[in-house]
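What the coordinates show
These are the residues of each chain, in order.
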Amino acid sequence: MELTHFDKNGKARMVDVTEKDDTRREATATGRIKVNQETYQAIQSGTIGKGDVLGVATTAGIMAVKRTWELIPMCHILQLTGCRIWFEMNPEEREIHCCCTVKTTGKTGVEMEALTGVNIALLTIYDMCKALDKSMKISDIYLCRKTGGKSGDIINNL
């Protein structure tokens, strides 16, 4: 398989998608953050001094999705049609799972946007809780699935 972000001389380039057809595209990424018991309970009860942790993390993730093209050099500017970020609490493991689904109709996919949304949402949780917990661990960030485009549908069941 050819790496499309390099020209024939090995120089980095933005992929030319001019001739590609517009298709409906969707991607979902996931990740998690493990926190201590005190932090988990404070997030769950909404008693973190900086405010609604998951609400702020949702907003931060959505903002990051919209600016992915500014953060990752070879990403295209996309006309996004939808973005949803949600969290699932796992009290037994003291983990918060984050998922981000991004949609567009266009010439290139939204995998990087979904991955960026998860990363920034989890980093926001870390930032808002670091006064309580210096041992938080962000992990297992990956693309769960994508639809549309030349490569078709991909599902990762890791």
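In case you missed it, the structure is sitting above this.
Residues numbered from 1 in each chain as written. Predicted model: local features only at pLDDT ≥ 70, side-chain atom pairs only at ≥ 80, totals over all residues. Heavy atoms only, no water.

**Focus: the packing of aromatic side chains**
Enumeration according to the criterion identifies zero aromatic pairs in this entry. Cation over ring: R84 sits above W86, and NZ or CZ is 4.2 Å from the ring centre. (Phe/Tyr/Trp six-rings, centres within 6.5 Å; stacked < 30°, edge-to-face > 60°. Lys NZ or Arg CZ within 6 Å of the ring centre and 35° of its normal.)

**Re the side chain of T39**
With respect to the element layout, T39 can be found in helix α1 (residues 37-45). Looking at T39, its side chain comes within polar contact range of the side chain of N36, at 2.7 Å. In this structure T39 touches C129, L132 and D133, once residues within four positions along its chain are discounted. (Helix = DSSP H or I, 4+ residues; strand = E, 2+ residues; numbered from the N terminus. Polar contact = N/O pair within 3.5 Å; in protein donor to acceptor, adjacent residues only side chain to side chain. Contact = heavy atoms within 4.5 Å.)

**Observations regarding the nonpolar core**
Formed by 29 residues in total, the largest nonpolar core has its most connected members in I43, V53, F87, I96 and I125. Elements represented by at least two residues in this core include exactly β1 (23-34), α1, α2 (53-66), β2 (80-90), β3 (95-106) and α4 (111-129). Top element by residues in this core is α4. It accounts for eight residues. (Core = buried A, V, L, I, M, F, W, Y, C linked by side-chain atoms within 4.5 Å. Buried < 20%, exposed > 50% of the residue type's maximum accessible area, 1.4 Å probe, protein only.)

**Structural notes on α4**
Helix length check: α4, at 19 residues, gives a terminal C-alpha distance of 28 Å against a target of 27 Å (1.5 Å per residue), a fit within 8%. Regarding α4, the residues found buried are E113, A114, L115, T116, G117, V118, A121, L122, T124, I125, M128 and C129. (Expected span 1.5 Å × (residues − 1).)

**Section: the pairing of β3**
Counting buried positions along β3 yields nine of 12 residues, so the element is predominantly enclosed. Examined bridge by bridge, β1 and β3 share 12 bridges and lie antiparallel to one another. Opposite A27, over in β3, you have V102 as the bridge partner. Taken together, the 10 bridges between β2 and β3 define a ladder with antiparallel strand orientation. Its bridge partner being in β3, R84 is matched across the sheet by T101. (Pairing = 2+ DSSP bridges.)

**A few points about the pattern of salt bridges**
Inspection of the entire model under this criterion finds nine salt bridges. Note that D140 and R32 form a salt bridge whose closest N and O atoms lie 2.2 Å from each other. Highlighted residues: D140 in strand β4 (residues 137-147) and R32 in strand β1, separated in sequence by 108 residues. The exposure class assigned to D140 is partly exposed, which follows from its relative accessible area of 40%. In this structure, the salt-bridge partner of K146 is E111, at a minimum N-O distance of 4.0 Å. Here K146 is found in strand β4, whereas its partner E111 is found in helix α4, with 35 residues between them in sequence. Take E111: its relative accessible area is 22%, and that puts it in the partly exposed class. Salt bridges sharing partners connect three or more residues here, namely R24, E26 and R145. (Salt bridge = Lys/Arg side-chain N within 4 Å of Asp/Glu carboxyl O.)

**Regarding the pairing of β4**
Across eight bridges, β1 lies against β4 in antiparallel orientation. Its bridge partner lying in β4, R32 is registered against S139. Count of turn residues in the β4/strand β5 (residues 154-155) antiparallel hairpin: six residues, of which G148 carries a positive phi of about 90 degrees.

**Describing the sheet that holds β5**
Reading across from one edge, β2-β3-β1-β4-β5 is the order of the five strands in this open sheet, with antiparallel pairing throughout. Every interior strand has two partners, whereas the edge strands, β2 and β5, have only one. As paired elements, β4 and β5 share two bridges and run antiparallel to each other. Across the sheet, R145 pairs through a bridge with I155, a residue of β5. Contacts from α1 reach β2 and β3, with the element oriented near 125 degrees to β2. Helix-sheet contacts for α4 involve β1, β2, β3 and β4, and the interaxial angle to β1 is about 25 degrees. (Axes fitted to C-alpha atoms, helices over the stretch in contact; angles between N-to-C directions.)

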